[in-house]
Amino acid sequence: MRHIAIIGSGPAGYYTAEAAQKHFGDDVRVDIFDRLPVPYGLIRTGVAPDHQSIKGVSRRYEKTALSQNVRFVGNVAVGTDVSIAQLQDLYDAVVLATGAPQDRDLGIPGEDLANCFGSAAFVGWYNGHPQFAGLAPDLSGNTAVVIGMGNVALDVARMLAKKGSEFDGSDIVGHALDALSASKIERIVLLGRRGPHQIMMTPKELGELGQLDHAAPHVDKGDLPDEAEDAILEPGLRKSVALLREFAATPEHIRAEKRIAIEFAFFVQPRALMGDGKVEAVEVEHTRLERGRAVGTGEVERLPADLVISCIGYRTAPIPGVPFDERQGRFANDDGRILPGLYCVGWAKRGPSGTIGTNKPDGFGIVEKIAADIASGSLGRGDKTGRDGFDALAAEKGLDVVTFRDWKKIEEAEAAAAREGSPREKFIDIEAMIRAAD
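What you are looking at is a predicted structure, and each value in this text was computed from that prediction instead of being measured. (Residues numbered from 1 in each chain as written. Predicted model: local features only at pLDDT ≥ 70, side-chain atom pairs only at ≥ 80, totals over all residues. Heavy atoms only, no water.)

### Some words on the overall build of the chain
Move 1: Looking only at helices and strands, the chain has 16 helices and 19 strands in total.
Move 2: When the backbone C-alpha atoms are referred to their principal axes, the chain occupies close to 70 × 50 × 40 Å.
Move 3: Looking at the chain residue by residue over its 438 residues, the buried ones come to 53%.
Move 4: A sequence separation of at least 24 residues applies to 74% of the contacts in the chain between residues at least 6 apart. (Helix = DSSP H or I, 4+ residues; strand = E, 2+ residues; numbered from the N terminus. Buried < 20%, exposed > 50% of the residue type's maximum accessible area, 1.4 Å probe, protein only. Contact = heavy atoms within 4.5 Å.)

Right, here's the structure in full:
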């Protein structure tokens, strides 16, 4: 019998567990650890609350979680409650699937001003992540600046632009729904260092901006390259740029019917956030493209900003005892191998790139490496104690472990508390989750 510990219960973790089941059959036991009492990682706390069809992938993970040889071990913080070394003593292989939960710093003056947030924090706030539920952004100003030109920036802009009934069917948490519905923001500016041909926005998400009840996207025709140049783009990006052209062609009197403007500001990079204690403006430098890279022109201006949200990417959180690549913001690894018996998958391996589905081949690939290392004899004789050993360690440490059965009680309680039309009202603190599980 082989024992595998997976740290992180998001897509990368569950795809790895599924792969282990398919490869080893009944000859494996898999424990999936998470520091929260609830599973699914960014499916629960990162995917936009109005994208319920995407969240539906959790049903696939539940099938894996309910099988006999996979177990959810929630409310256990690896690196704090238990160490990597302790898990390596108990399991043949330890796989880090922790994702990239920390925001990348902007690295400019003023980013510590009040009402400036990274996207992990802001998205966590409206998705009910216990770490960020108390964020309390001030939405009483006129202008929000969103730094970034990817899908996360689109999610943030869309959430800021929606009102009341537009959230029907979503699982946005109550405190965020109330705050966003009462928001006074009327101008949302998306900042991008490069141009329309370099955006990382997919057509579906970009197209949603054109369907909002109270907001309209604004694109300056002068920022768009010659339409003939679109032919060299890959199909998805070509569709996205076509949408930007549609936004630019929208007559002004049509846009004026919506009270909220979502403005695309291309070829500008932030140099500093300005304000007296709280952000009041973003100093930006205009850029031009040289061989695909944004180069500053020296032309500087200030944009008013009552709220700033940085959507420029994420970093993996280091764990004591695990080699870390500071420059890349992920665990140092050789195609998923970190140290003998220690592996990583997903964003923890490759950085924050790809879609949810990208994690599936990642998980299956790392299981093949584990199997190869077992066959070579480098992972020992298969005499580790696995979950029995961990249960003894947890009892010794007095850990309050949450099982998948406990999670189902939490899920039932959230569904019962849901407002009309919403699938759930998430618990936003860990103690409340534990009480529901008990």
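### Quick notes on the nonpolar core
Move 1: Among the nonpolar cores identified, the biggest contains 47 residues, and L160, L206 and F264 are the most heavily contacted of them.
Move 2: For this core, the elements supplying multiple residues, two or more each, are α6 (119-127), β7 (143-147), α7 (151-161), α8 (174-181), β8 (187-191), α10 (235-249), β10 (260-265) and β14 (307-310).
Move 3: Excluding its chain neighbours within four sequence positions, the residues that come into contact with F264 are M149, L190, M201, L206, L209, P217, H218, V219, D223 and L244.
Move 4: Formed by 37 residues, the second largest nonpolar core is a distinct cluster that contains A12, A19, I370 and A437. (Core = buried A, V, L, I, M, F, W, Y, C linked by side-chain atoms within 4.5 Å.)

### Brief notes about the sheet that holds β10
For sheets, the rule is that strands pair by backbone hydrogen bonds, running either parallel or antiparallel.
Move 1: Within the open sheet, the six strands sit side by side as β6-β14-β7-β8-β10-β9. Their pairing is parallel. With partners counted over all chains shown, the strands left at the sheet margins are β6 (116-118) and β9 (215-218), one partner each. The average angle at which neighbouring strand axes cross in this sheet is 20 degrees, direction not considered.
Move 2: Alignment of β7 against β8, held across five bridges, turns out to be parallel. Residue pairing for β8: V146 is matched across the bridge by L190.
Move 3: Each of β6 and β14 is contacted by α6, which is oriented at about 90 degrees to β6, the strand it contacts most.
Move 4: On top of the sheet, α7 reaches β7, β8, β9, β10 and β14; it is set at about 175 degrees to β8, its chief contact. (Pairing = 2+ DSSP bridges. Axes fitted to C-alpha atoms, helices over the stretch in contact; angles between N-to-C directions.)

### Thoughts on the layout of surface pockets
Move 1: Of the pockets and cavities examined, the second largest pocket occupies roughly 280 Å³.
Move 2: In terms of lining, the second largest pocket is formed by 16 residues, of which the most central are Y40, K55, S58, E411 and R424.
Move 3: Elements that contribute at least two residues to the lining of the second largest pocket include exactly α2 (42-45), α3 (52-55), α4 (58-65) and α15 (404-416).
Move 4: Taken together, the residues that form the lining of the second largest pocket break down as four nonpolar, three polar and nine charged. (1 Å grid on protein atoms, 1.4 Å probe; cavity = no way out; pocket = protein on both sides within 12 Å on 5 of 7 lines; lining within 4 Å. Points joined across faces, edges and corners; volume = space filled by probe spheres on them. Nonpolar A, V, L, I, M, F, W, Y, C, P; charged D, E, K, R; others polar.)

### Concerning the pattern of salt bridges
A side chain with one charge may pair with a side chain of the opposite charge, provided their charged atoms come close.
Move 1: All chains considered together, the criterion is met by 33 salt bridges.
Move 2: Between R158 and D155 there is a salt bridge whose closest N-O contact spans 3.1 Å. In this pair, R158 and D155 both sit in helix α7, three residues apart, roughly one turn of the helix. Taken as a pair, R158 and D155 share a single burial class, namely buried.
Move 3: A salt bridge links D335 to K369, with the shortest nitrogen-to-oxygen separation between them at 3.1 Å. Taken together, the residues span a long stretch of sequence, with D335 in the loop between β17 (330-331) and β18 (337-339) and K369 in helix α13 (residues 359-376) at a distance of 34 residues.
Move 4: With a relative accessible area of 43%, D335 lands in the partly exposed category.
Move 5: K369 gets classed as buried once you look at its relative accessible area, which sits at 17%. (Salt bridge = Lys/Arg side-chain N within 4 Å of Asp/Glu carboxyl O.)

### Quick look at the sheet that holds strand β19 (residues 342-344)
Move 1: Read from one edge to the other, the open sheet built from six strands follows the order β3-β2-β1-β4-β19-β18, with strand pairing classed as mixed. Single-partner strands in this sheet number two, and they are β3 (70-74) and β18. Neighbour-to-neighbour, the strand axes of this sheet turn through a mean angle of 25 degrees, independent of strand direction.
Move 2: Two strands pair when backbone bridges link them, and strand β1 (residues 2-7) and strand β4 (residues 93-96) are joined in this way by four bridges, in the parallel orientation. Among the inter-strand pairings, A5 is bridged to a residue of β4, identified as V94.

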